[in-house]
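Here's the letter readout for the chains.
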Amino acid sequence: MTHDHLDAAARPASRPFGRLITAMVTPFTPDGSLDLDGVAQLASHLVDEQGNDALVVNGTTGESPTTTDAEKEQLIRAVVEAVGDRAKVVAGVGTNDTRHTIELAAAAEKAGAHGLLVVTPYYNKPPQAGLVRHFTAVADATGLPVMLYDIPHRSGVPIETETLVRLAEHGRIVAVKDAKGDLTATSWVTSRSALAFYSGEDALTLPALAVGSVGVVGTSTHFTGALTAQLIDAYDAGDMPTALALHRRLLPLFTGIFRTQGTILVKAGLAALDLPAGPVRPPLVDATNDEIAQLRADFAAAGLELPE
């Protein structure tokens, strides 16, 4: 086998949503209503300044549990209008009710989304056969490509390897946001299917790439996006020392953004940088002064600055 063949084999087969995706927070006004101008400004910043290839709108980081269906549609339209000509817009539509998820998927398609993020139904703990039925029904409901979201520590149920391999046979189920934290399971699925795996944990981006993943759906990437893109590009180029150096540099922020719930600290960081954020909606609570001070220290440890 030639060196070229080795390179081709090691290269990701498909990146349906690019390599760098941020699960975008939803800017609110001080009274907690949607800040649609801020939404457009933040989306533009994430694409033009942080180098995102795609944005997830209405994910958990976007406070989807506390936004209405009408607000979700407004958010998609605002982000598509702001950046849809230069980045993919992936709409979070997952709920623990298949009928409601299908309604959200249809509304997202109508609003101009380029893809769907569908989380495992949470709390009601369906068996694997229920997951197949749910994901297939949602994928059948629109013409959009689907990214499954496997996050058992929140949903209560993992999408098992055999289930993922079976779902990969569906023409529109093309990707997985992988927050299972099980790189052995990731290895099996990426070796047995053409699903494009995106690390759902910022700190696992580099090791996930090594077992066949193609990129990240990040949270700290509101701030680390440009450098995380460099990490992925270095890995693709076979420059492991640079990729590892960036991984180690960014580790304090990859992990520090989750010292409390991620949305809380992202909004605190954006506010410090004079970018649109606003408050969080209950039951979340805004960051304390101590949490903001710790975030500033985590920024500094990653070689980035968060102003006082």
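Just so we're clear, the structure is a prediction, and the values are computed from it rather than from any experiment.

1. A look at helix α11 (residues 240-256)
Line of reasoning, step 1. Between its first and last C-alpha, α11 extends 24 Å over 17 residues, near the 24 Å set by a 1.5 Å rise per residue.
Line of reasoning, step 2. Along α11, the largest kink reaches about 50 degrees and is centred on Leu-250; proline Pro-252 follows within four residues of it.
Line of reasoning, step 3. Listing the buried residues of α11 in full gives Ala-243, Leu-246, His-247, Leu-250, Leu-253, Phe-254 and Gly-256.
Line of reasoning, step 4. Those residues of α11 that are buried are in contact with α9 (205-210), α10 (221-236), α12 (262-272) and α13 (289-301).

2. Brief notes about the packing of aromatic side chains
Line of reasoning, step 1. Counted by the stated rule, this structure contains one aromatic pair.
Line of reasoning, step 2. Ring centres of Phe-223 and Phe-299 lie 5.0 Å apart, and the angle between their planes is 65 degrees; on these two criteria the pair is classed as edge-to-face. Remark: Phe-299 occurs in helix α13 and Phe-223 occurs in helix α10; sequence separation between them is 76 residues. Pair check on accessibility: Phe-223 and Phe-299 agree, each one buried.
Line of reasoning, step 3. Taking NZ or CZ as reference, Arg-281 lies 4.2 Å from the ring centre of Phe-28, over its face.

3. Observations regarding unusual backbone geometry
Line of reasoning, step 1. Cis peptide bonds are those with omega within 30 degrees of zero, and the linkage from Pro-282 to Pro-283 qualifies with 15 degrees.
Line of reasoning, step 2. Checked against the element boundaries, Pro-283 lands in the loop between α12 and α13.
Line of reasoning, step 3. With a phi close to 70 degrees, Tyr-123 is a non-glycine residue in the positive phi region.
Line of reasoning, step 4. With respect to the helices and strands, the residue Tyr-123 is situated in the loop between β4 (115-119) and α5 (128-141).

4. Remarks on the nonpolar core
Line of reasoning, step 1. In this structure, Val-79, Val-83, Leu-116 and Leu-148 are the most contacted members of the largest nonpolar core, which totals 61 residues.
Line of reasoning, step 2. The element contributing the most residues to this core is helix α3 (residues 69-83), with six residues.
Line of reasoning, step 3. Apart from the residues lying within four places of it in its own chain, the contact partners of Val-79 are Met-24, Val-39, Ala-43, Leu-55, Val-57, Gly-84 and Val-89.
Line of reasoning, step 4. Formed by 17 residues, the second largest nonpolar core is a distinct cluster that contains Ala-54, Val-56, Val-119 and Tyr-198.

5. Let's talk about α3
Line of reasoning, step 1. Under the 1.5 Å per step criterion, the end-to-end length of α3 is 21 Å for 15 residues, consistent within 8% with the ideal 21 Å.
Line of reasoning, step 2. Within α3, the full set of buried residues consists of Glu-71, Lys-72, Leu-75, Ile-76, Ala-78, Val-79, Ala-82 and Val-83. The buried residues of α3 all sit within an arc of 165 degrees when viewed along its axis, so they share a single face. Exposed side of α3, more than 90 degrees from the buried face: Ala-70 and Glu-81 are the residues found there.
Line of reasoning, step 3. Check the buried side of α3 and you find it contacts α2 (36-48), β2 (54-57), β3 (88-92) and α4 (98-111).

6. Some words on the UniProt feature "site: Part of a proton relay during catalysis" (unreviewed entry) in the chain
Line of reasoning, step 1. The feature "site: Part of a proton relay during catalysis" (unreviewed entry), as given by UniProt, occupies Thr-60 and Tyr-123 in the numbering adopted here.
Line of reasoning, step 2. The topology assignment puts Thr-60 in the loop between β2 and α3.
Line of reasoning, step 3. With residues near it in sequence (within four places) discarded, Thr-60 still touches Tyr-149, Arg-154 and Thr-263.
Line of reasoning, step 4. In contact with Tyr-123, not counting residues within four places along its chain, are Asn-96 and Ser-155.

7. Side note on the sheet that holds β2
Line of reasoning, step 1. Spatially, β1-β2-β3-β4-β5-β6-β7-β8 is the arrangement adopted by the eight strands of the closed barrel, whose pairing is parallel. Ignoring which end each strand starts from, the neighbouring axes of this sheet average 25 degrees apart.
Line of reasoning, step 2. Against the sheet, α5 contacts β4, β5 (146-150) and β6 (173-178), and its axis sits at roughly 165 degrees relative to β4.
Line of reasoning, step 3. Strand contacts of α10: β1 (20-23) and β8 (215-218), with the helix running at about 165 degrees to β1, the strand carrying the most contacts.

8. Quick word on the pairing of β1
Line of reasoning, step 1. Of the two faces of β1, the one carrying Leu-20 and Thr-22 and the one carrying Ile-21 and Ala-23 are both buried.
Line of reasoning, step 2. Of the pairings in the sheet, the one linking β1 to β8 comprises three bridges and is parallel in character. Across the sheet, residue Ile-21 finds its bridge partner in β8, namely Val-217.

9. Notes on the pairing of β4
Line of reasoning, step 1. Of all five residues making up β4, five are buried, and the element is well covered by its neighbours.
Line of reasoning, step 2. Taking every second residue as pointing to the same face, both faces of β4 are buried, with Gly-115, Leu-117 and Val-119 on one and Leu-116 and Val-118 on the other.
Line of reasoning, step 3. By the bridge criterion, three bridges tie β3 to β4 in an arrangement that is parallel. Looking across to β4, one finds that Val-90 is bridged to Gly-115.
Line of reasoning, step 4. Assessed by its sense of winding, the connection that carries the chain from β3 through α4 to β4 is right-handed.
Line of reasoning, step 5. As paired strands, β4 and β5 are joined by four bridges and run parallel to one another.

Conventions adopted
- Residues numbered from 1 in each chain as written.
- Predicted model: local features only at pLDDT ≥ 70, side-chain atom pairs only at ≥ 80, totals over all residues.
- Heavy atoms only, no water.
- Helix = DSSP H or I, 4+ residues; strand = E, 2+ residues; numbered from the N terminus.
- Expected span 1.5 Å × (residues − 1).
- Bend = angle between axes of the 7 residues up to and from the residue.
- Buried < 20%, exposed > 50% of the residue type's maximum accessible area, 1.4 Å probe, protein only.
- Contact = heavy atoms within 4.5 Å.
- Phe/Tyr/Trp six-rings, centres within 6.5 Å; stacked < 30°, edge-to-face > 60°.
- Lys NZ or Arg CZ within 6 Å of the ring centre and 35° of its normal.
- Core = buried A, V, L, I, M, F, W, Y, C linked by side-chain atoms within 4.5 Å.
- Arc of directions from axis to C-beta.
- UniProt positions renumbered as here; feature names shortened; annotations may be inferred.
- Pairing = 2+ DSSP bridges.
- Axes fitted to C-alpha atoms, helices over the stretch in contact; angles between N-to-C directions.
- Right-handed = clockwise from strand over helix to strand, strands pointing away.

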